[in-house]
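# Understanding the architecture of this molecule
Residues per chain are reported as follows:
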Amino acid sequence: MTSAAVHLDQLVFSYADTMVRFDVTFAPGEITAIMGPSGAGKSTLLNLVAGFETPREGQVLIGDMDVTSAPPADRPVSMVFQENNLFAHLDIASNVGLGRSPALRLSATDKQDVATALARVGLAGMEHRLPRELSGGERQRVALARVLVRDRPILLLDEPFASLGPALRDDMLELLASVQAERGMTVLFVTHQPEDARKLAENMVFVEGGRVAAAGKTADFFKSSGPEAFRHYIGNERQ
Ligand SMILES: Nc1ncnc2c1ncn2[C@@H]1O[C@H](COP(=O)(O)OP(=O)(O)OP(=O)(O)O)[C@@H](O)[C@H]1O
């Protein structure tokens with residue numbers, strides 16, 4: 001799998017009362033944390049990359065491919081949400097297998113890959129459990145196993161570990177970091193936790209009022225000379 005940049009080129013999109021404009025590039029094969037106040041447009045940005053929303057103007061480029069009008073299924077993208085990533089009536093192996101075949105027509109190799117992915121995320125032996133028989137952290141591991149069998153170059157994560165306690169969140173960040181290092185995916189990671197960004201992400205994008213207010217290296221964001229808007233935001237969050 002080759003790494004691909006994600007480029008939002010002069011994108012304009014609006015809901016009834018809200019307009020966003022994004023013009024930003026996400027570095028190929030690296031993790032970028034996306035932070036910003038509630039309602040700033042972070043999920044909207046991911047949805048535009050995934051194809052769940054279509055811009056009014058501008059282009060979405062993945063590598064050198066223009067996917068602006070491509071439906072979500074045709075984009076080289078996987079997405080993990082905070083919750084509800086799994087189908088409640090399907091066992092874990094089937095939920096992961098959906099990443100390979102939406103109709104669950106799985107070859108022997110596919111089934112082997114599902115088992116390998118589940119072992120990779122620490123869930124060997126749980127193949128036949130239902131999602132409700134797992135903890136919240138284990139359910140997110142299943143979602144990551146599905147990302148592994150999909151094997152797409154772009155991974156979008158929308159606050160994936162926000163419902164987990166701090167120790168478990170750290171475990172998941174480590175797992176995500178090692179999976180990303182193995183596969184070289186371009187990862188866009190929306191989080192409200194500055195510590196998550198610091199631990200995981202090489203780059204940061206700060207979204208405010210439907211715009212990218214600042215973008216750069218994570219290390220620079222956390223310096224006293226870091227972007228004013230970001231420093232103001234984390235200062236407020238910490239009060
Ligand atoms: N389906 C929708 N219809 C209309 N407006 C929407 C819709 N989804 C989001 N919005 C509005 O668009 C703006 C951006 O929402 P978005 O979910 O992208 O913010 P966010 O930065 O992800 O927020 P949070 O951190 O709270 O998840 C908000 O003002 C929101 O109310």
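Every value quoted in this text rests on a predicted model; they were computed, and no experiment measured them. Numbers given for residues are sequential positions, taken from 1 along each chain in its written order. Side-chain atom pairs in this predicted model are given and counted only at pLDDT of 80 or more, local residue features only at pLDDT of at least 70, and totals for whole chains, interfaces and linings cover all residues. Only heavy atoms go into the side-chain values, all of them from the structure, while hydrogens and water stay out.

## Regarding the overall build of the chain
- For the chain, the helix and strand inventory stands at 8 helices and 10 strands.
- A globule of 239 residues ought to have a C-alpha radius of gyration of about 18 Å, and the chain, at 18 Å, matches this closely.
- By principal-axis analysis of the C-alpha atoms, the chain measures approximately 50 × 40 × 35 Å.
- Remark: exposure states derive from per-residue accessible area (1.4 Å probe, protein chains only) relative to the maximum for the residue type, with buried under 20%, exposed over 50%, and partly exposed in between. The buried share among the 239 residues of the chain stands at 49%. Runs of E in the DSSP output that reach at least two residues are strands. Runs of H or I that reach at least four are helices, and both are numbered from the N terminus. Atoms considered for the radius of gyration are the C-alpha atoms alone. The globule rule reads 2.2 Å times the number of residues to the power 0.38.

## Structural notes on the site of the ligand
- Close to the ligand lie Tyr15, Thr18, Pro37, Ser38, Gly39, Ala40, Gly41, Lys42, Ser43, Thr44, Glu159 and His192.
- Protein contacts shield 59% of the accessible area of the ligand, which totals 640 Å² for the unbound molecule.
- Here the nonpolar group is Ala, Val, Leu, Ile, Met, Phe, Trp, Tyr, Cys and Pro; Asp, Glu, Lys and Arg are the charged ones; every other residue, Gly included, is treated as polar. Residues belonging to the shell around the ligand are distributed by class as follows: 3 nonpolar, 7 polar and 2 charged. We define proximity as follows: a residue is near a molecule or strand when any one of its heavy atoms falls within 4 Å of that partner. Throughout, the Shrake-Rupley method with a 1.4 Å probe supplies accessible areas, and for residues the shown protein chains are the sole cover considered.

## Thoughts on the domain arrangement of the chain
- An automatic or database domain assignment provides the domain bounds reported here. Segmenting the chain into domains produces domain 1 (1–76 + 156–239) and domain 2 (81–151).
- Between domain 1 and domain 2, the residue contacts involve 19 residues of the former and 13 residues of the latter.
- Summed over both partners, the interface of domain 1 with domain 2 buries about 1,500 Å², with 60% contributed by carbon and sulfur atoms.
- Buried area counts how much accessible surface, traced with a 1.4 Å probe, disappears from two parts once they are put together, with both parts' losses summed. When residues of domain 1 are sorted by the area they lose upon contact with domain 2, Met172, Leu175 and Arg183 head the list and together hold 30% of the total. Any two residues having at least one pair of non-hydrogen atoms within 4.5 Å are treated as being in contact.

## A short note on the environment of Asp9
- Within the secondary structure layout, Asp9 lies in strand β1 (residues 6–14).
- Its relative accessible area of 25% is what places Asp9 among the partly exposed residues.
- Through-space distance from the C-alpha of Asp9 to that of Val60 is 6.3 Å; in sequence the pair is 51 residues apart.
- Once residues within four sequence positions are removed from consideration, Asp9 is found in contact with Phe22, Asp23, Gly58 and Gln59.

## A word on the packing of helix α3 (residues 108–120) against helix α4 (residues 136–150)
- What counts as an axis is a line fitted to C-alpha atoms, over the stretch in contact for a helix, and the angles between N-to-C directions run from 0 to 180 degrees. Interaxial distance between α3 and α4 falls to 9 Å at its minimum, and their mutual angle equals 135°. One way to sum up the angle between α3 and α4 is to call them oblique. Regarding α3 and α4, the two cross each other, and that crossing is right-handed. Where α3 approaches α4, its residues Asp113, Val114, Ala117, Leu118 and Arg120 are matched on the opposing element by Ala145, Leu148 and Val149.
- For the contact of α3 with α4, the per-class residue count stands at 6 nonpolar, no polar and 2 charged. Angle categories are assigned with fixed cut-offs, so that under 35 degrees is roughly parallel, over 145 is roughly antiparallel, 65 to 115 is roughly perpendicular, and the rest are oblique. Here a crossing is called left-handed whenever its near helix is offset anticlockwise from the far helix by less than a right angle, and right-handed whenever the offset is clockwise.

## Quick notes on the nonpolar core
- Joining through side-chain atoms within 4.5 Å is the link that ties buried Ala, Val, Leu, Ile, Met, Phe, Trp, Tyr and Cys residues into a set, and such a set is a nonpolar core. Among the nonpolar cores identified, the biggest contains 45 residues, and Leu155, Leu176, Phe189, Met204 and Phe230 are the most heavily contacted of them.
- Looking at this core, the element that brings in the most residues is α4, giving 7 residues.
- Residues lining this core come from more than one domain, with at least three contributed by each of domain 1 (1–76 + 156–239) and domain 2 (81–151).
- Discounting residues that sit within four places of it in the chain, Phe189 has contacts with Ile31, Thr32, Ala33, Ile34, Leu157, Pro160, Phe161, Leu173, Leu176, Asp196 and Leu200.

## Focus: the sheet that holds β1
- Pairing between strands is defined by DSSP: at least two bridges between the two strands are required. Read from one edge to the other, the open sheet built from 4 strands follows the order β2-β1-β4-β5, with strand pairing classed as antiparallel. The sheet is open, and its two borders are formed by β2 (19–26) and β5 (65–66), each paired with just one other strand.
- Of the pairings in the sheet, the one linking β1 to strand β4 (residues 57–62) comprises 5 bridges and is antiparallel in character. Each residue of the ladder has a partner; that of Val6, found in β4, is Ile62.
- Docked against the sheet, helix α1 (residues 42–50) engages β1, β2 and β4, running at close to 115° with respect to β1.

## Some thoughts on helix α5 (residues 166–183)
- Given a helix with a known number of residues, its expected span is that number minus one, times 1.5 Å. With 18 residues, α5 extends 26 Å from end C-alpha to end C-alpha; this agrees with the ideal 26 Å at 1.5 Å per step.
- Buried residues of α5: Arg169, Met172, Leu173, Leu175, Leu176, Val179 and Gln180, and no others. Buried residues in α5, looked at end-on, bunch into an arc of 165°, giving them a common side. Set apart from the buried face of α5 by more than 90 degrees, the exposed residues are Ala167, Glu174 and Ala181.
- Positive backbone phi, at 65°, marks Gly184, one or two positions downstream of α5. Summarising the geometry, the arc corresponds to the directions from the helix axis toward the C-beta atoms.

## Some thoughts on unusual backbone geometry
- With phi around 55°, Leu104 is a residue other than glycine that occupies positive phi space.
- On the secondary structure map, Leu104 appears in the loop between α2 (92–97) and α3.
- Residues other than glycine seldom take positive phi values, yet Asp151 does so here, at roughly 55°.
- As for its position among the elements, Asp151 is in the loop between α4 and β7 (154–158).

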